[in-house]
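Results of the structural survey
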Amino acid sequence: MVVIVPLLTGWCMDLVFGDPARLPHPVVGFGRCISFFEHRLNRGPHRVAKGAFTAVTLVLAVFFLTWLLLRLLAPWTWALMVVESLAVFYCLAGTTLAREVRMVFEAADRSLDEGRRQVARIVGRDTASLSDREVRVAALETLAENLSDGVIAPLFWFALLGVPGMMAYKMVNTIDSMVGYRNDRYRDFGRWGAKIDDVANYIPARLTAFLMIMVAGKPGLWKWVRRFGRCHASPNSGYPEAALAGILDCRFGGTHDYFGEAVFKPYIGINPRVPDSSDMEKSISVNRRAEVVMVLLAGVVRTLLFLGLFLMLMV
């Protein structure tokens, strides 16, 4: 029961409060650490090696510092559960993005300009020239990808490695989001960070797609997911996007502008229709149901691992 309480408490806190924008957030600290190393090491020769050192060092540091903190708190059960609950809360990001996606569709229903401004809050692409369809599709693509990166993957690593694993995953994800770009500045330095992120998300991305089609009652879409999931430039992001595109019978991808440069993304799906608010509500519902199933799975797996370790120590 001690293993489950922090998971359920942190998850419920995310459901109620969403992203704690007005509170200190570990990811902000992660970002400052990454910037500290990047500004000092991302220059001169051997940038790949320097980037590898940065990524590996920061991920291991977060894991072991979190583990040490929890060990120090172990004699005080309630203090331990409070800290673990807060860590779970900070590591999950399902509620806030669902709210943002709903706001995008509400804004787009009012006017295209409002939709463009609202979707710019959650996507990295240039939004000034997006069509109404592209605004809505961008929001849904982000929702699907975030279910994997912001919910299923953290819970997956919680199930395997507890709170330290969950926190380490957040560092991996933050490194990739800050330096994992294929541009002149980050191509070498961020290479290892991007690869570690690919490995960390390999199983969670496919698990996300599987959970989405199962809770939607469409297990037959797995062949669709395998077909279109490979179309994405990322080895992982295409799978949850393909699952959602299949569930909604719509099409993602296409040409988008990033920092003034046109980038073509292969199409995921075949129906180029314009998603409407009912599609948004259905997508959020699918996300929430997949999230509930994953919380239950993570709780069961973590409990079994805890009991197995306990029995091994007792022998």
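Now for a look at the structure at hand. What you see is a predicted model, and the numbers here were worked out from it, not measured in a lab. (Residues numbered from 1 in each chain as written. Predicted model: local features only at pLDDT ≥ 70, side-chain atom pairs only at ≥ 80, totals over all residues. Heavy atoms only, no water.)

1. Considerations on helix α9 (residues 222-229)
Under the convention used in this document: For every residue, the accessible area (1.4 Å probe, protein chains only) is compared with the maximum for its type, and the residue is labelled buried under 20%, exposed over 50%, or partly exposed between those bounds. Note on conventions: DSSP H or I runs of at least 4 residues are helices, E runs of at least 2 residues are strands, and numbering of each starts at the N terminus. Our arc is simply the arc of the directions from the helix axis toward the C-beta atoms.
Within the span of α9, buried status applies to Trp224, Val225, Phe228 and Gly229. All buried residues of α9 fall inside an arc of 110° around its axis, so they share one side. Those residues of α9 that are exposed and aimed more than 90 degrees away from the buried face are Lys223 and Arg227.

2. Some details on a nonpolar patch on the surface
Worth spelling out the cut-off: To count toward a patch, a residue needs a relative accessible area over 30% and no salt bridge; like charges are then connected within 9 Å, while nonpolar side chains (Val, Leu, Ile, Met, Phe, Trp, Tyr) are connected within 5 Å. Per-residue and other accessible areas follow the Shrake-Rupley method at a 1.4 Å probe size, with only the shown protein chains counted as cover for residues. Whenever Lys or Arg places a side-chain nitrogen within 4 Å of a carboxyl oxygen from Asp or Glu, that contact is recorded as a salt bridge.
Among the surface-exposed residues, Val56, Leu60, Phe64, Leu65, Trp67, Leu68, Leu72 and Trp192 lie close enough to one another that they form a single nonpolar patch of about 810 Å² accessible area. If one sorts the elements of the nonpolar patch by residue count, helix α3 (residues 47-73) sits on top with seven residues. Position of tryptophan 67 among the secondary structure elements: in helix α3. On the accessibility criterion, tryptophan 67 (43% relative accessible area) is partly exposed.

3. Some details on the packing of helix α7 (residues 132-179) against helix α8 (residues 191-215)
Applied cut-off: For helices, the axis comes from a line fit to the C-alpha atoms of the stretch in contact; other axes are also lines fit to C-alpha atoms, and the angle between any two N-to-C directions lies between 0 and 180 degrees. Oblique is the label for every angle not falling under 35 degrees (roughly parallel), over 145 degrees (roughly antiparallel), or within 65 to 115 degrees (roughly perpendicular). If you view the pair so one helix is near and one far, a crossing is left-handed when the near helix is turned anticlockwise from the far one by less than a right angle, and right-handed when it is turned clockwise. When residue character is reported, Ala, Val, Leu, Ile, Met, Phe, Trp, Tyr, Cys and Pro are called nonpolar, Asp, Glu, Lys and Arg charged, and the others, Gly included, polar.
Viewed as axis vectors pointing N to C, α7 and α8 meet at an angle of 110°, and their least axial separation amounts to 9 Å. Our classification of the angle between α7 and α8 gives roughly perpendicular. In terms of crossing hand, the pair formed by α7 and α8 is left-handed. Considered class by class, the residues forming the contact of α7 with α8 number 17 nonpolar, five polar and three charged.

4. As for the layout of surface pockets
Worth spelling out the cut-off: Cavity and pocket criteria rest on a 1 Å grid covering protein atoms alone: a 1.4 Å probe that fits but cannot get out defines a cavity, protein on both sides within 12 Å along at least 5 of 7 lines defines an open pocket, and an atom within 4 Å of a point defines a lining residue. Grid points are joined across faces, edges and corners, and a volume is the space filled by probe spheres set on the points.
By volume, the second largest pocket is sized at about 790 Å³. Lining the second largest pocket are 23 residues; nearest its centre among them are Val3, Glu84, Arg302, Phe306 and Leu309. Mapped by element, the contributors of at least two residues to the lining of the second largest pocket are α3, α4 (77-91), α7 and α11 (277-314). Looking at the lining of the second largest pocket residue by residue, the class counts come to 18 nonpolar, two polar and three charged.

5. A short note on empty space enclosed by the protein
Where empty space is left becomes clear once a probe the size of a water molecule has been rolled over the atoms. One pass over the structure, following the stated rule, counts two cavities of 30 Å³ or more. Around the largest cavity, the lining residues are Gly94, Ala98, Leu143, Asn146, Leu147, Val151, Ile284, Asn287, Arg288 and Glu291. Elements represented by at least two residues in the lining of the largest cavity include exactly α7 and α11. When grouped by side-chain class, the residues that make up the lining of the largest cavity number five nonpolar, three polar and two charged. In this model, the second largest cavity occupies a volume close to 40 Å³. Lining the second largest cavity are Ile34, Gly51, Thr54, Ala55, Ile175, Val179, Phe189, Gly190 and Gly193. For the lining of the second largest cavity, the secondary-structure elements that each account for two or more residues are α3 and α7.

6. Considerations on the side chain of aspartate 14
Put simply, the rule is: Charge convention: Lys and Arg are scored as positive, Asp and Glu as negative, and His as well as the terminal groups of each chain are ignored. Every residue pair with non-hydrogen atoms within 4.5 Å of one another is taken to be in contact.
On the secondary structure map, aspartate 14 appears in helix α1 (residues 4-17). Here aspartate 14 sits buried without a salt bridge, and the closest side chain of opposite charge, arginine 288, lies 4.6 Å off (N-O distance). Apart from the residues within four sequence positions on either side, aspartate 14 is in contact with Phe89, Leu92, Ala93, Gly94, Thr95 and Glu291.

7. Regarding the nonpolar core
Where we set the bar: Nine residue types can take part in a nonpolar core, namely buried Ala, Val, Leu, Ile, Met, Phe, Trp, Tyr and Cys, and a core is a set of them joined through side-chain atoms within 4.5 Å.
One finds Val101, Val119, Ile122, Leu155, Met171, Ile175 and Phe252 to be the most contacted residues of the largest nonpolar core, which totals 79 residues. In terms of residue count, α7 provides more of this core than any other element does, 24 residues in total. Setting aside residues up to four positions removed in sequence, valine 119 forms contacts with Val104, Thr127, Leu130, Val135, Ala138 and Ala139.

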